[in-house]
Amino acid sequence: MKFDVLTLFPEMFETLNQSILGKAQEKNLIDINLVNIRDFSKDKHKKVDDTPYGGGAGMVMRADIVYDAYKSVYKEGSKMIYLTPQGKTLNQKKVEELSKEKHLILLCGHYEGIDQRVIDKIVDEEISIGDYVLTGGEIPAMVLIDSVSRYIEGVIKNDSTEEESFSNGLLEYPQYTRPEIFEDQKVPEVLISGHHQKIKQWRKEQAIKNTLKKRPDLLEKYKFSKEEKQILENLKKQN
Ligand code: 58G
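In this text the structure is predicted, and so the values were computed from the model without any measurement.

Structural notes on the overall build of the chain
Then step 1. Regarding its fold elements, the chain presents ten helices and nine strands.
Then step 2. Along the first, second and third principal axes, the C-alpha set of the chain runs to 70 × 40 × 40 Å.
Then step 3. For the chain, buried positions account for 42% of its 239 residues.
Then step 4. Taking all contacts inside the chain whose residues are at least 6 apart in sequence as the whole, residues at least 24 apart take part in 75%.
Then step 5. Surface accessibility of the chain: about 15,300 Å² in total, with carbon and sulfur atoms responsible for 49%.
Then step 6. Taken together, the 37 basic and 40 acidic charged side chains of the chain have centroids lying 4 Å from each other.

Concerning the packing of aromatic side chains
Then step 1. Counted under the stated rule, the structure contains three aromatic pairs.
Then step 2. On the numbers, 6.0 Å between centres and 20° between planes, the contact of Y67 with Y70 is stacked. Of this pair, Y67 and Y70 are both found in helix α2 (residues 63–71), three residues apart, which corresponds to roughly one turn of the helix.
Then step 3. Accessibility expressed as a relative area gives 25% for Y67, which makes it partly exposed.
Then step 4. Residue Y70 is classed as buried on the basis of its relative accessible area, which comes to 11%.
Then step 5. Residues Y70 and Y74 carry aromatic rings whose centres are separated by 5.3 Å and whose planes lie at 35° to one another, so their mutual orientation is tilted.

A word on the site of the ligand
Then step 1. Residues in close proximity to the ligand total 18 residues, the closest being S128, I129, G130, Y132 and L134.
Then step 2. Interatomic distance of 3.3 Å between a side-chain N/O atom of S128 and a nitrogen atom of the ligand.
Then step 3. For the ligand, a nitrogen atom lies 2.9 Å from a polar atom in the backbone of G130.
Then step 4. Here the ligand loses 90% of its free accessible area of 470 Å² to cover by the protein chains.

Some thoughts on the nonpolar core
Then step 1. By size, the foremost hydrophobic cluster in this structure holds 26 residues, and its most contacted members are F3, L106 and L144.
Then step 2. Elements with a contribution of two residues or more to this core: β1 (2–7), α1 (19–26), β5 (79–89), α3 (92–98), β6 (103–108) and α5 (138–149).
Then step 3. The element that contributes the greatest number of residues to this core is α5, accounting for five residues.
Then step 4. Contacts of F3, omitting those with residues within four sequence positions, involve I30, D31, I32, N33, L104, L106, L144, I145, V148 and S149.
Then step 5. Within the second largest apolar cluster, 21 residues are counted, among which are L8, V48, M61 and Y82.

Brief notes about a nonpolar patch on the surface
Then step 1. Judged by side-chain polarity, M12, Y132, L134, I139 and V143 come together as a nonpolar surface patch covering roughly 420 Å² of accessible area.
Then step 2. Relative to the assigned elements, V143 resides in helix α5.

Some thoughts on the environment of I105
Then step 1. Take I105: it is sitting in strand β6.
Then step 2. Classification of I105 by relative accessible area gives buried; the value is 0%.
Then step 3. Contacts of I105, omitting those with residues within four sequence positions, involve D4, L6, Y70, V73, Y74, S78, K79, M80 and I81.

Scoring rules and cut-offs
- Residues numbered from 1 in each chain as written.
- Predicted model: local features only at pLDDT ≥ 70, side-chain atom pairs only at ≥ 80, totals over all residues.
- Heavy atoms only, no water.
- Helix = DSSP H or I, 4+ residues; strand = E, 2+ residues; numbered from the N terminus.
- Buried < 20%, exposed > 50% of the residue type's maximum accessible area, 1.4 Å probe, protein only.
- Contact = heavy atoms within 4.5 Å.
- Areas by Shrake-Rupley, 256 points an atom, 1.4 Å probe, with all protein chains shown as cover.
- Lys, Arg positive; Asp, Glu negative; His and termini not counted.
- Charge placed at Lys NZ, Arg CZ, Asp CG, Glu CD.
- Phe/Tyr/Trp six-rings, centres within 6.5 Å; stacked < 30°, edge-to-face > 60°.
- Near = heavy atom within 4 Å.
- Polar contact = N/O pair within 3.5 Å; in protein donor to acceptor, adjacent residues only side chain to side chain.
- Core = buried A, V, L, I, M, F, W, Y, C linked by side-chain atoms within 4.5 Å.
- Patch = residues over 30% accessible without salt bridge, like charges linked within 9 Å, V, L, I, M, F, W, Y side chains within 5 Å.
- Salt bridge = Lys/Arg side-chain N within 4 Å of Asp/Glu carboxyl O.

Here it is in structure tokens:
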């Protein structure tokens, strides 16, 4: 998967060279290319923004400069995404969908945003990471790159994207590691038992219990198997 990021602040993306995404880049599983929009300014002061027509506070990024930056990376089949609070909220389903694209171009705005004419001309999809306003689209772009990269074959070990939260529609079961006793709390007995079938059953029960307690809204859409319905009924009786 190739990501081209159009931004005024490419240095902000250095954090993506760490940890799992750093490894994924070294292995060429993902390619993150940063394009500094300022490089496309023709102005001697490298200005990229101007005052809004009609008046008002702040500055707006110029359409022509953003368009030139876009043309430097666009190929047929590229998907162009603008990170904006006006976009559709990102969720795990959308993340999985985006992971099937070959080339994503991510447009990061700053100041009061970008001239609407270039957005209308080049953007395929507007995406938001939640209902709040940020100073720039860079952090949302990084959230998108991180979440999408986890679905690229080889980026994370094993097949853990399939079992985890939101992919199956439930929250995760709790995890434990050494020491076996921490501040008088023992690791649940079943996990040390070696009974794989029992462990599986217990984890499913914990996942449903967790979801019922913390995110009951998720259960409304969830398609329960017969076995899971039984678990849910038993949990409801216990409370
Ligand atoms: C209003 C305010 C419209 C994404 C700012 C456009 C981007 C939040 C998100 C903007 C963002 C999000 C300028 C700064 C976009 C531009 C950018 N804020 N919730 N801010 O994903």
